[in-house]
Amino acid sequence: MSRTVDGSPHASAPVLAAYRYCEAVTGHQARNFAYGIRLLPTEKRHAMSALYAFSRRIDDIGDGALDAETKRARLASTRTLLGRIQSGGIDEDDTDPVAVALAHAAHRFPIPLGGLEELIDGVLMDVAGRTYETWDDLKVYCRCVAGAIGRLSLGVFGTVPAAGHSEDELGRAPEYADTLGLALQLTNILRDVREDAAAGRTYLPAEDLAKFGCSAAFRRSTAPPDADFSGLVHFEVRRARALFDEGFRLLPLLDRRSGACVAAMAGIYRRLLDRIARDPAAVLRGRVSLPAHEKAYVAVRGLAGLDARTVARRRGTGGTHR
């Protein structure tokens, strides 16, 4: 890796090509994520694209049509590749562009790559067809597949000191990032409840399903007879909103553009959650999404720092740094 005249890191041509590949994967596979990270400066956007592309590879193994044994073998191979990245065993001319990009990003930023091992552990839970009796059980899964991504992303974003922020508050940034990941994942679970049921997966806690008479699978466009599906959704929405409120405490601890990125991505999901709350049955009729103009509004709010300042006022502290 060479350096420009101002001392900032400058990636080689093979690394830049690897990052372009990861950005193409991100733009094609994750529009909400891509929408948020485009608010970042180039180096951070590249690193986040590399993280997404590697994470997507893990998810695609779990979601694919292969048999369980083959999935486990491929996840084991991916874990071995991750070990090579962690040990510095990937050269710039390696034939795997995702590995090249992630290795470079991990050299540039203090990314806790062990979080990707947690993601593999979470996908193995999917492969095993695991279900969850309680919210505490489901939280373990959510922390693996989403909380870990929040903590990995924080390695790219970093935190900034600000007036009124104690060292203890800054030290809690990984906890807030983890909690925000849980909020996003629970929103995903609500949005995809019918799609997951059709694939034979149930994520919502069994005790919650039983409480609202919803233990039957959601494979149709209407709720099971005698089920209080709206009650179930509103119960989970309240839980997700509490997680968002806690996780948003991360925003004032980030620089302006990193905060804007997080506010945009999380804000889109928070509004998605609000839309689900207004019409719970919509998730049984099809995938709920936000129109482009509403996503743009969320991005503008994030870039203006409005969400971060709102959190800071509630906490009695200053806003984000520029």
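The rules we used
Residues numbered from 1 in each chain as written. Predicted model: local features only at pLDDT ≥ 70, side-chain atom pairs only at ≥ 80, totals over all residues. Heavy atoms only, no water. 1 Å grid on protein atoms, 1.4 Å probe; cavity = no way out; pocket = protein on both sides within 12 Å on 5 of 7 lines; lining within 4 Å. Points joined across faces, edges and corners; volume = space filled by probe spheres on them. Nonpolar A, V, L, I, M, F, W, Y, C, P; charged D, E, K, R; others polar. Helix = DSSP H or I, 4+ residues; strand = E, 2+ residues; numbered from the N terminus. Buried < 20%, exposed > 50% of the residue type's maximum accessible area, 1.4 Å probe, protein only. Lys, Arg positive; Asp, Glu negative; His and termini not counted. Salt bridge = Lys/Arg side-chain N within 4 Å of Asp/Glu carboxyl O. Contact = heavy atoms within 4.5 Å. Bend = angle between axes of the 7 residues up to and from the residue. Phe/Tyr/Trp six-rings, centres within 6.5 Å; stacked < 30°, edge-to-face > 60°. Core = buried A, V, L, I, M, F, W, Y, C linked by side-chain atoms within 4.5 Å.

Trainee: If you had to explain empty space enclosed by the protein to someone new, which residues and values would you point to?
Mentor: Left-over empty space is what a probe sized like a water molecule reveals as it rolls over the atoms. Evaluation of the coordinates by the stated rule reveals 2 cavities of 30 Å³ or more. When its volume is computed, the second largest cavity comes out at roughly 30 Å³. Along its surface, the second largest cavity is lined by Leu190, Val193, Leu204, Phe229, Val233, Ile276 and Val283. Here the residues of the lining of the second largest cavity sort into 7 nonpolar, no polar and no charged.

Trainee: So, the side chain of Asp196: which residues are in play, and what are the values?
Mentor: Note on placement: Asp196 falls in helix α10 (residues 193-198). Within the buried set, Asp196 has no salt-bridge partner at all; the shortest N-O distance to an opposite charge, 5.2 Å, is to Arg201. Those residues within four positions of Asp196 in sequence are excluded, and the remaining contacts are Arg201 and Tyr203.

Trainee: Quick one: what's the story with helix α7 (residues 135-157), residue by residue and with numbers?
Mentor: In an α-helix there are 3.6 residues to a turn, and that puts residues three or four apart on one side. At Arg143, α7 shows its maximal bend, which comes to roughly 50°. Two residues or fewer past α7, Gly158 is found with a positive phi of approximately 75°.

Trainee: Give a description of the pattern of salt bridges that names residues and reports values.
Mentor: This model, assessed by the stated rule, comprises 24 salt bridges. In this structure, the salt-bridge partner of Asp192 is Arg191, at a minimum N-O distance of 3.0 Å. As far as burial versus exposure is concerned, Asp192 and Arg191 are alike and both buried. In this structure, the salt-bridge partner of Asp192 is Arg287, at a minimum N-O distance of 3.1 Å. Taken together, the residues Asp192 in the loop between α9 (173-191) and α10 and Arg287 in the loop between α14 (282-285) and α15 (292-304) connect sequence positions 95 residues apart. Each of Glu118, Arg143, Arg151 and Asp178 takes part in salt bridges that share partners, so that together they form one network.

Trainee: If you had to explain the packing of aromatic side chains to someone new, which residues and values would you point to?
Mentor: Counting across every chain of the model gives 4 aromatic pairs. Centre to centre, the rings of Phe244 and Phe248 are 5.9 Å apart; their planes meet at 25°, and the pair counts as stacked. What makes Phe244 buried here is its relative accessible area of 0%. We classify Phe248 as buried; its relative accessible area is 12%.

Trainee: Give a description of the nonpolar core that names residues and reports values.
Mentor: Within soluble globular proteins, side chains that are nonpolar generally end up buried alongside one another. Membership of the largest hydrophobic core comes to 96 residues, with the highest contact counts inside it found for Phe54, Ile85, Leu116, Phe218 and Phe229. Ranked by the residues each element gives to this core, the list is headed by α7, at 11 residues. Not counting the four nearest positions on each side in its chain, Phe218 is found in contact with Val193, Arg194, Ala197, Leu209, Pro224, Phe229, Leu232 and Leu284.

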